[in-house]
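# Examination of the molecular architecture
Each chain, letter by letter, is given below.
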Amino acid sequence: MFRKDAYSSVNQGLGRDCHGDFRRKFEKLQHHLFNDSAPFASKGDHKTYIPVNIAENDEFYQIQVFAAGRKKDQFQVNITEQVLTITCKEAEIEPGLKYVYQEQHVGAFKRAFRLQDDLLIENVHASYEEGILTIILKKDPDKMPEGQEVLVS
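Description of the structure in this document. Counting restarts for each chain, with residues numbered from 1 along the sequence as it is written. Reporting of local features is limited, given that this is a predicted model, to residues whose pLDDT is at least 70; pairs of side-chain atoms are given and counted only at 80 or more, and all residues count toward the totals for whole chains, interfaces and linings. In computing side-chain properties, one takes all heavy atoms of the structure into account and sets aside hydrogens as well as water.

Attention now goes to the pattern of salt bridges. Salt bridges are identified by distance alone: a Lys or Arg side-chain nitrogen within 4 Å of an Asp or Glu carboxyl oxygen. On inspection of all chains with the given rule, the structure shows two salt bridges. One salt bridge connects Lys139 with Glu56, and the closest N-O pair in it is separated by 2.4 Å. Within this pair, whereas Lys139 is found in strand β7 (residues 132–139), its partner Glu56 is found in strand β1 (residues 52–56), the two being separated by 83 residues in sequence. In this structure, the salt-bridge partner of Glu92 is Lys71, at a minimum N-O distance of 3.7 Å. Of the two residues, Glu92 is situated in the loop between β4 (83–88) and β5 (109–114) and Lys71 in the loop between β2 (60–66) and β3 (75–80); the sequence distance between them amounts to 21 residues. Relative accessibility under 20% of the residue-type maximum defines a buried residue, over 50% an exposed one, and the middle range a partly exposed one, all with a 1.4 Å probe and only protein chains included. A relative accessible area of 63% places Glu92 in the exposed class. Counting from the N terminus, the helices are DSSP H or I runs at least four residues long and the strands are E runs at least two residues long.

See the structure below:
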């Protein structure tokens, strides 16, 4: 991809011309993106980016957590004080296996989402298939806002 030494001799005066330490910051970004083993993990607070999709239709919300390589017993889903919390234990690594390069996060993670009041939190369904944890939160038809007609003047 991008190699630091390929740009060093060509752009000797870049730091002078670009307001201070732009070059140093750009090279640090390059190193972070292309040389680190987990480029989107924040090393300071050990939070990890685990992708989530949230969709809805008239009857329910669907939350999909993309966590390949896990087992369903590693997940815990809780709802407390209108907050949905999804936690996952650290994935097990095959004994004797040493990664040369690894982008997939195998550590523990936690995601939390504030829920709206129009949900039936007593009837939540969760399943884990093909690396995707799917959570279904049904809407409460009694709490759903009614449609309102707005007059155009």
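Here we take up the environment of Asp142. You can see Asp142 is positioned in the segment after β7. Residue Asp142 is classed as exposed on the basis of its relative accessible area, which comes to 73%. Spatially, the C-alpha atom of Asp142 lies 9.7 Å from that of Leu119, the residues being 23 residues apart in sequence.

Tracing the chain through its elements places Leu137 in strand β7. Leu137 sits in the buried class, given a relative accessible area of 2%. It is 8.8 Å that separates the C-alpha atoms of Leu137 and Glu59, two residues lying 78 residues apart in sequence. Any two residues whose heavy atoms approach within 4.5 Å are treated as being in contact. Setting aside its immediate chain neighbours within four residues, Leu137 contacts Phe60, Tyr61, Ile63, Ile79, Leu84, Leu115, Leu119 and Val124.

You can see Arg70 is positioned in the loop between β2 and β3. Charged residues are defined narrowly, with Lys and Arg counted positive, Asp and Glu counted negative, and His plus the chain ends left uncounted. The charged side chain of Arg70 is buried without a salt bridge, its nearest counter-charge being Glu90 at 8.0 Å. Under the rule applied, a polar contact is a pair of N or O atoms within 3.5 Å (in protein, one hydrogen donor and one hydrogen acceptor; residues adjacent in sequence only if both atoms are side-chain atoms). Here Lys89 takes part through its backbone oxygen, which lies 2.8 Å from a polar atom of the side chain of Arg70. Within the structure, Arg70 has its side chain in polar contact with the backbone oxygen of Gly107 (distance 2.9 Å). Setting aside chain neighbours within four positions, we find Arg70 in contact with Phe75, Cys88, Lys89, Glu90, Ala91, His105, Val106, Gly107, Phe109 and Tyr128.

A positive phi is found at Glu81, a non-glycine position, where the angle reads about 50°. Tracing the chain through its elements places Glu81 in the loop between β3 and β4. For Glu81, a relative accessible area of 70% gives the class exposed.

So, on to the packing of aromatic side chains. Stacked, tilted and edge-to-face are the three classes applied to pairs of Phe, Tyr and Trp rings, where Trp contributes its six-membered ring and a pair requires centres within 6.5 Å; stacked means planes under 30 degrees apart, edge-to-face means over 60, and tilted covers the rest. Under the defined criterion, the tally for this structure stands at two aromatic pairs. Between Phe75 and Tyr128, the ring centres sit 4.9 Å apart and the planes meet at 45°, which makes this aromatic pair tilted. Of the two residues, Phe75 sits in strand β3 while Tyr128 sits in strand β6 (residues 119–129), which places them 53 residues apart along the sequence. Assigned by exposure class, Phe75 and Tyr128 land together as buried. Ring pairs connect the aromatic residues Phe75, Phe109 and Tyr128, which therefore count as one cluster.

Right, let's get into the sheet that holds β3. Taking strand neighbours across the sheet as the criterion, the three strands line up as β3-β4-β5 in an open arrangement whose pairing is antiparallel. Each edge of the open sheet is held by one strand with a lone partner, namely β3 and β5. On average, each strand axis in the sheet is tilted by 15° relative to the strand beside it, whichever way the strands run. Paired strands, as defined in this entry, are two strands with at least two bridges between them according to DSSP. In this sheet, β4 lies alongside β3 in antiparallel orientation, the contact comprising six bridges. If you follow Val77 over to β4, its bridge partner there is Ile86. Here the axes come from fitting lines to C-alpha atoms, over the contacting stretch only for helices, and the angles between their N-to-C directions go from 0 to 180 degrees.

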